[in-house]
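# Understanding the architecture of this molecule
Residues per chain are reported as follows:
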Amino acid sequence: MNKPLDPSRLDGLPSAWLDHVDAQLIDRLHGGLPLTERPYADVGTDLGLTEDEVLQRLQRLLDTGLLTRFGPLFQIERAGGQFLLAAMAVPEADFDRVAEQVNALPAVAHNYRRTHQLNMWFVIAGETPDQVRQTCQQIEAQTGLRVFAFPKEREFFVELRLSAQAALAKRERAGQTSQGVPHVTH
């Protein structure tokens, strides 16, 4: 779901919410983390940064919500787990309350608002299919709303890559400053 960042989370940031080095770091890490003894030092070397600078920048991007997640993507089914796409029809007046309840669950990985009868879509992750089923039941019990489950039938590898550097350059070409508060998708 799109929502503006809480400006209080931006305290201590430079006036630009995303600088060129941040954009380079995001793009560099999008391709994978080196499988070495000191991967952040190696990434730093690639970008002219120290290991500590890489880690500090990543932490700041996560703390401010400019990055909502940093970690590996894997096929959980190979380890006996399950990812499940789920949806709910949430009355508009209750949307924020229900979103808070759903997002508070550690098993919920993403949550998206859609303009459709099923207006809340989210991903549930569990170590077992039973854990995923229990999470669906918990959400139904907490919200009083039905959870529609859409299990994966077939997997496709898309590898969508969006360049942070290209987005930043586009903003600058359009004459927009990188100041202000961006919207973040959760």
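Criteria and cut-off values
Residues numbered from 1 in each chain as written. Predicted model: local features only at pLDDT ≥ 70, side-chain atom pairs only at ≥ 80, totals over all residues. Heavy atoms only, no water. Axes fitted to C-alpha atoms, helices over the stretch in contact; angles between N-to-C directions. Helix = DSSP H or I, 4+ residues; strand = E, 2+ residues; numbered from the N terminus. Contact = heavy atoms within 4.5 Å. Salt bridge = Lys/Arg side-chain N within 4 Å of Asp/Glu carboxyl O. Buried < 20%, exposed > 50% of the residue type's maximum accessible area, 1.4 Å probe, protein only. Pairing = 2+ DSSP bridges. pLDDT = per-residue confidence, 0-100. Phe/Tyr/Trp six-rings, centres within 6.5 Å; stacked < 30°, edge-to-face > 60°. Lys NZ or Arg CZ within 6 Å of the ring centre and 35° of its normal. Polar contact = N/O pair within 3.5 Å; in protein donor to acceptor, adjacent residues only side chain to side chain. Parallel < 35°, antiparallel > 145°, perpendicular 65-115°, else oblique. Left-handed = near helix turned anticlockwise from the far one by under 90°. Expected span 1.5 Å × (residues − 1).

### Quick word on the packing of helix α1 (residues 20-30) against helix α6 (residues 164-173)
- Viewed as axis vectors pointing N to C, α1 and α6 meet at an angle of 150 degrees, and their least axial separation amounts to 7 Å. Contacts between α1 and α6 pair H20, A23, Q24, I26 and D27 from the former with A164, Q165, L168 and E172 from the latter.

### Let's talk about the pattern of salt bridges
- One pass over the full model with this rule turns up 10 salt bridges.
- With its nearest N and O atoms 2.0 Å apart, the salt bridge here joins R38 to E51. With R38 in the loop between α1 and α2 (39-47) and E51 in helix α3 (residues 51-64), this pair connects stretches of sequence that are 13 residues apart.
- The shortest N-O distance in the salt bridge between E77 and K152 comes to 3.1 Å. Residue E77 is located in the loop between α3 and β2 (82-88), and its partner K152 is located in the loop between β5 (148-151) and α6; the two are separated by 75 residues in the primary sequence.
- You can call K152 partly exposed: its relative accessible area is 39%.
- Each of D19, D22, R57 and R60 takes part in one network of salt bridges that share partners.

### A few points about the pairing of β2
- Most of β2 sits inside the fold, with five of its seven residues counted as buried.
- Relative to strand β4 (residues 120-126), β2 is paired through seven bridges, and the arrangement is antiparallel. Note on β4: the bridge partner recorded for F83 is A125.
- Strand direction decides the pairing type here: β2 and β5, joined by four bridges, are antiparallel. From the neighbouring strand, L85 faces β5, where its bridge partner is F150.

### Quick word on the sheet that holds β5
- Read across the open sheet, the four strands follow the order β3-β4-β2-β5; overall the sheet is antiparallel. Edge positions in the sheet fall to β3 (108-113) and β5, since each of these pairs with one other strand and no more. Put simply, the sheet's adjacent strands are angled 20 degrees from each other on average, direction ignored.
- Taken strand by strand, helix α5 (residues 129-143) contacts β2, β3 and β4, and its axis lies near 140 degrees from that of β4.

### Some points on the confidence of the model for the protein chain
- For the protein chain, the mean per-residue pLDDT works out to 84, and 85% of the residues sit at or above 70.
- Overall, residues 178-186 carries pLDDT values under 50, and its contacts beyond four positions in sequence, including any with other chains, amount to 34 contacts.

### A short note on the side chain of R57
- In this structure, R57 sits in helix α3.
- With residues up to four places along the chain from it excluded, the contact list for R57 reads D19, V21, D22, L25 and L49.

### Overview of the packing of aromatic side chains
- For the coordinates displayed, the defined rule picks out one aromatic pair.
- Geometry around F95 places R113 over its ring, the cationic atom sitting 3.7 Å from the centre.

### Topic: the side chain of D27
- Inspection of the secondary structure assignment puts D27 in helix α1.
- Side-chain polar atoms of D27 contact the side chain of S163, separated by 2.9 Å.
- When sequence neighbours within four positions are dropped, the list of residues in contact with D27 reads L162, S163, A164 and Q165.

### Details of the packing of α1 against α2
- Where α1 contacts α2, the two axes come as close as 11 Å, and the packing angle between them is 125 degrees. Judged by the angle between their axes, α1 and α2 are oblique. The way α1 lies across α2 gives a crossing that is right-handed. Counting all contacts with α1, which are made through Q24, L25, R28 and L29, the residues of α2 involved are V43, D46 and L47.

### Considering α3
- For α3, with 14 residues, the first-to-last C-alpha span of 20 Å sits near the 20 Å given by 1.5 Å per residue.
- Against the buried residues of α3 lie α1 and α2.
- Count one or two residues on from α3 and you reach G65, which has phi positive near 90 degrees.

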